[in-house]
Amino acid sequence: MVNLISTNNLLDCIKNVRDAGDTNRPISGYSEASILVIFINNYDKHESYILLTQRKNNLRQHAGQIAFPGGKKENEDKTLLETAVRETEEEISLSKENYNIIGNFPKFYTGTGYVVTPYIAMMKELSNWKNSIKPNVEEVRKIFTPKSQQLLLPDYHIREKPPIKSSMSMTWRINYENENIWGLTARVLVTLSAGLGLREFPPCDDI
């Protein structure tokens, strides 16, 4: 099932994950943000892919990290979904006409002071997304689309201590080639894996 993930698989995953976010806490000390987890299906090859970006090394926060498109909620955003859609278009020039929103996960808290809502999407089959996307030269170093199985299978999930000075007690890392996939991005991927029935749910007490 991990080779080709359908919309129905993701709907079931979202139901399974609804109680698997972080422990609710006052959000007054956190900045609200949202991300977009976009699945891309190649029906000829019977494979699914997940869209990721690498942030530029000169950014003030999360420099060089692997991330999903998304960012901080701005005053003009009426909802966190609007935030995810706006940030995705700003970062990689991908408009909402190219994908369908399937649903969202619960909130996740980060050690850098954000409370993040992940939205799950599926690229439309007839989308011309390959000719649409391009990295924002000020924010994004590259865009890449690993196979879902290379990110979601438990064999690639590593539980480890966070970097020095982090407020987290533990973190996750995804062992994918030479990419530095850790923190929130890895946590969302591990949670996706659990929601799809590929592994147990991760602990929710890292912060």
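Residues numbered from 1 in each chain as written. Predicted model: local features only at pLDDT ≥ 70, side-chain atom pairs only at ≥ 80, totals over all residues. Heavy atoms only, no water.

K.L.:
What's the story with the layout of surface pockets in this structure? I'm lost.
P.N.:
Remark: the empty space left among the atoms is shown by a probe the size of a water molecule rolled over them. Computed from the structure, the second largest pocket encloses a volume of approximately 410 Å³. Breaking the lining of the second largest pocket down by element, the ones donating at least two residues are strand E1 (31–42), strand E6 (99–104) and strand E8 (114–123). Tallied by class, residues from the lining of the second largest pocket come to seven nonpolar, six polar and four charged. (1 Å grid on protein atoms, 1.4 Å probe; cavity = no way out; pocket = protein on both sides within 12 Å on 5 of 7 lines; lining within 4 Å. Points joined across faces, edges and corners; volume = space filled by probe spheres on them. Helix = DSSP H or I, 4+ residues; strand = E, 2+ residues; numbered from the N terminus. Nonpolar A, V, L, I, M, F, W, Y, C, P; charged D, E, K, R; others polar.)

K.L.:
Could you clarify how one ought to interpret unusual backbone geometry in this entry?
P.N.:
Most peptide bonds are trans, and most residues other than glycine sit at a negative phi. The residue Ser-93 is not glycine, and still its phi comes out positive at about 60°. For Ser-93, the position within the fold is in the loop between helix H2 (80–92) and E6. Among the residues examined, Ser-93 registers a relative accessible area of 28% and is labelled partly exposed. Not every positive phi belongs to a glycine, and Glu-177 is a case in point at roughly 50°. Mapped onto the elements of the fold, Glu-177 is located in the loop between strand E11 (171–174) and strand E12 (181–182). (Buried < 20%, exposed > 50% of the residue type's maximum accessible area, 1.4 Å probe, protein only.)

K.L.:
Before we go on, may I ask you to explain the sheet that holds E11 in this structure?
P.N.:
In any sheet, the strands associate via hydrogen bonds between backbone groups, in a parallel or an antiparallel arrangement. Taken together, three strands build an open sheet; the order of strands is E10-E11-E12 and the sheet is antiparallel. Two strands bound the open sheet, and with one partner strand each, they are strand E10 (157–160) and E12. Helix H4 (residues 183–195) rests against E10, E11 and E12 of the sheet, and its axis sits at about 80° to E11. (Pairing = 2+ DSSP bridges. Contact = heavy atoms within 4.5 Å. Axes fitted to C-alpha atoms, helices over the stretch in contact; angles between N-to-C directions.)

K.L.:
Can you walk me through the nonpolar core in this structure?
P.N.:
A general feature of soluble globular proteins is that nonpolar side chains tend to end up buried together. Judged by nonpolar contacts, the single largest core of 35 residues is most densely connected at Phe-39, Leu-152, Ile-181, Leu-189 and Leu-192. The set of elements that each furnish at least two residues to this core consists of helix H1 (7–17), E1, E8, helix H3 (149–152), E11 and H4. Of all the elements, H4 adds the most residues to this core, at five residues. The residues touching Ile-181, leaving out its near neighbours within four places in the chain, are Leu-52, Ile-66, Leu-151, Trp-172, Arg-173, Ile-174, Tyr-176, Ala-186 and Leu-189. One finds Ile-38, Ala-121, Trp-129 and Ile-133 within the second-largest nonpolar core, a separate group that totals 16 residues. (Core = buried A, V, L, I, M, F, W, Y, C linked by side-chain atoms within 4.5 Å.)

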